[in-house]
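Each chain is listed here by its residues.
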Amino acid sequence: MSIDEICELLLEALAYAGYNKNTIFNYRGVIRRFKAYCRENGITEYSPNAGQPYADDVVSAKTGKFSNNRYHTQGRFIRLLNSYYYNGEFNFEMMKRGKIQPEDPVHLQIYRDYLSFLSEAYDNENTRHFYEYGMYSLLQYMHRNSVADTESLTVEDVYGYLAESKPERLREILCELRSVFRYLNREDLTNSIAGIHGPRFKRIIPTLTDEELDRIKDVIDQKTVSLRDGAIVLTGLTCGIRACDLIKLKLSDIDWSNETISFRQSKTGNIVCLPLTPTVGNAIARYLCEERPDADTDHLFVRQLAPFSPLTDHASCHAIVTRVFRKAGISKDSRIFGMHMLRHNAASTMVKNQVPIETIAAILGHSSPDTTDIYITTDAERLRECVLPMVNISMEVLP
């Protein structure tokens, strides 16, 4: 197929798929540069072998440095052409960036073998990612210190790795290492860290003030933000749902007759059934009736631009929450943003409303109510009741 034909077919497919004018305009620019590249190299017929050098040309002619924009734009463009070349249709699915992996070939094989073990040992994706990152970090340390493989890993290497770690992450690192050492069947290394205990850091839970909550509700009511974004933020503020669970919510998870939201928590595997409050229910209903595109998926929340696929990860939710907060004029200060902030706020609200800790723990998906106790510190009024009187505290006590 000629270069002109396949490029024209791509533009037609983009328009048919519902991409907006700006996106199509950007692809026209990529096509224009690709055609110029083909003319310079005498290429008239498309093939993957002809397209790959263009995708690999990621050094800016102006700066002489690597161009992140060229890397992603040209790479995706050639992948689209290749999908048509091989399958007769353009695959517009979102293409995730590849994971960072160890550079050393031996370390890379160790890493991949461990991933295979984790996929069989754990059903929960978040748990697998937790231990996966632990192995990756250890292998990076080994690479920097010329440790050839895990058989060559010594107790001194382990202590050196821990010495480089941040104190606030020591508890997580020890948990990661115990899993890795058990997998490697290195009892000597397991015993070497058995007596080490990481410090517990009690952080102040970030929440929103009543005035900030009012500003958020105002921008949502006034439709300053999209109906989808408003519904997501209100759901997070009310239900305390994790981002990984929110992006997986299905249309069938909303029981309009019984006014509930039900879903299986990714982290615990538990089924949670929460009341569908009028505020959240109305926000979701408005989104479904007035804004949600005719997407070929039963996921509740989808992308606003074609392809209308489900939200992919927690970064999408973080961007949405940040956008709503910015519209509401809420500054970040030293607080975290994203769905986790909404989750903290939902928990602190339940504490203030004197919901039992056991109930809050079940809603949030905590394995133990002890984990939920930290939210008690957000209730300033009830904490004041715990303050001991200071009368006569400086007086000398006589025998």
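In what follows, the structure referred to is the one given above.
This one's a predicted model, so the numbers in the text were calculated from it and none came from an experiment.

What to know about the overall build of the chain
In step 1: Along its length, the chain carries 18 helices and 3 strands.
In step 2: For the chain, the proportion of its 399 residues judged to be buried stands at 42%.
In step 3: A sequence separation of at least 24 residues applies to 58% of the contacts in the chain between residues at least 6 apart.
In step 4: If you sum the accessible surface of the chain, you get close to 23,600 Å²; carbon and sulfur atoms cover 51% of it.

Structural notes on a negative patch on the surface
In step 1: Taken together, the side chains of D210, D214, D218 and D221 present a region of like negative charge at the surface.
In step 2: With respect to the helices and strands, D218 occurs in helix α10 (residues 210–221).

Topic: the packing of aromatic side chains
In step 1: With the rule as written, the count across this model stands at 17 aromatic pairs.
In step 2: Ring geometry for Y114 versus F117: centroids 5.9 Å apart, planes at 25°, classification stacked. With a gap of 3 residues between them, Y114 and F117 both fall in helix α5 (residues 105–121), about one helical turn apart.
In step 3: Given the relative accessible area of 0%, Y114 is considered buried.
In step 4: Among the aromatic residues, those joined into a cluster by ring pairs are F34, Y37, Y46, Y54, F77, Y85 and Y86.

Some thoughts on the sheet that holds strand β1 (residues 254–255)
In step 1: The strand order across the open sheet built from 3 strands is β1-β2-β3, with neighbouring strands paired in antiparallel fashion. Across the chains shown, the open sheet's two edge strands, defined by having one partner strand only, are β1 and β3 (271–275).
In step 2: In terms of strand pairing, β1 meets strand β2 (residues 260–264) through 2 bridges, oriented antiparallel. Note that in β2 the partner of I254 across the bridge is I261.

Here we look at the pattern of salt bridges
Pairing between side chains becomes possible if they bear opposite charge and their charged atoms approach one another.
In step 1: On inspection of all chains with the given rule, the structure shows 9 salt bridges.
In step 2: The shortest N-O distance in the salt bridge between E176 and R169 comes to 3.1 Å.
In step 3: The partly exposed category is assigned to R169, whose relative accessible area is 25%.
In step 4: The structure contains a network of salt bridges with shared partners spanning R228, D229 and R323.

Observations concerning the nonpolar core
In step 1: Residues L208, I216, V233, I261, F301, F325 and M339 are the most contacted members of the largest nonpolar core, which totals 44 residues.
In step 2: Listing elements by their share of this core, those giving two or more residues are α10, α11 (227–239), α12 (243–246), β2, β3, α13 (278–290), α14 (314–327) and α15 (339–352).
In step 3: Of all hydrophobic cores here, the second largest spans 27 residues; its members include L14, Y19, I31 and A306.

Topic: helix α1 (residues 3–16)
In step 1: The end-to-end C-alpha separation of α1 is 20 Å, in line with the 20 Å expected for 14 residues at 1.5 Å each.
In step 2: Within α1, burial applies to I3, I6, C7, L10, L11, A13 and L14. Mapping the buried residues of α1 onto a view down its axis gives an arc of 160°, with all of them on the same face.
In step 3: Against α2 (21–40) and α4 (68–87) lie the buried residues of α1.

Some words on the environment of A295
In step 1: Examined against the element boundaries, A295 turns out to sit in the loop between α13 and α14.
In step 2: Taking C-alpha positions, A295 is 8.3 Å from P307, a pair spaced 12 residues apart along the chain.

Re the packing of helix α7 (residues 155–164) against helix α8 (residues 170–184)
In step 1: Contact geometry for α7 and α8: axes closest at 11 Å, N-to-C directions at 155°. Judged on the interaxial angle alone, α8 and α7 are roughly antiparallel. Pair α7 / α8 crosses with right-handed handedness. Note on element contacts: α8 touches α7 through L170, I173, L174, L177 and F181, opposite V158, Y161 and L162.

Quick look at α11
In step 1: Given a rise of 1.5 Å per residue, 13 residues ought to cover 18 Å, and the 18 Å separating the end C-alpha atoms of α11 matches this to within 8%.
In step 2: Counting buried positions along α11 yields 12 of 13 residues, so the element is predominantly enclosed.
In step 3: Along α11, the residues that are buried comprise L227, R228, D229, G230, A231, I232, V233, L234, T235, G236, L237 and C239.
In step 4: Downstream of α11 by a residue or two, G240 has a phi angle that is positive, lying close to 65°.

Things to note about the packing of α11 against α14
In step 1: Where α11 meets α14, the closest approach of the two axes is 10 Å, and the angle between their N-to-C directions is 100°. In terms of orientation, α11 lies roughly perpendicular with respect to α14. Of α14, the residues touching α11 (which contributes R228, D229, I232 and V233) are I320, V321, R323 and V324.
In step 2: Here the contact of α11 with α14 is composed, by residue class, of 5 nonpolar, no polar and 3 charged.

Brief notes about the side chain of T150
In step 1: Residue position: T150 is located in the loop between α6 (125–144) and α7.
In step 2: The contact partners of T150, leaving out residues within four places of it in the chain, are I110, M142, L184 and R186.

A look at unusual backbone geometry
In step 1: With a phi close to 60°, S146 is a non-glycine residue in the positive phi region.
In step 2: In this structure, S146 sits in the loop between α6 and α7.
In step 3: Backbone geometry places E259, a non-glycine residue, at a positive phi of 55°.
In step 4: Within the secondary structure, E259 is located in the loop between β1 and β2.

Analysis parameters
Residues numbered from 1 in each chain as written. Predicted model: local features only at pLDDT ≥ 70, side-chain atom pairs only at ≥ 80, totals over all residues. Heavy atoms only, no water. Helix = DSSP H or I, 4+ residues; strand = E, 2+ residues; numbered from the N terminus. Buried < 20%, exposed > 50% of the residue type's maximum accessible area, 1.4 Å probe, protein only. Contact = heavy atoms within 4.5 Å. Areas by Shrake-Rupley, 256 points an atom, 1.4 Å probe, with all protein chains shown as cover. Patch = residues over 30% accessible without salt bridge, like charges linked within 9 Å, V, L, I, M, F, W, Y side chains within 5 Å. Salt bridge = Lys/Arg side-chain N within 4 Å of Asp/Glu carboxyl O. Lys, Arg positive; Asp, Glu negative; His and termini not counted. Charge placed at Lys NZ, Arg CZ, Asp CG, Glu CD. Phe/Tyr/Trp six-rings, centres within 6.5 Å; stacked < 30°, edge-to-face > 60°. Pairing = 2+ DSSP bridges. Core = buried A, V, L, I, M, F, W, Y, C linked by side-chain atoms within 4.5 Å. Expected span 1.5 Å × (residues − 1). Arc of directions from axis to C-beta. Axes fitted to C-alpha atoms, helices over the stretch in contact; angles between N-to-C directions. Parallel < 35°, antiparallel > 145°, perpendicular 65-115°, else oblique. Left-handed = near helix turned anticlockwise from the far one by under 90°. Nonpolar A, V, L, I, M, F, W, Y, C, P; charged D, E, K, R; others polar.

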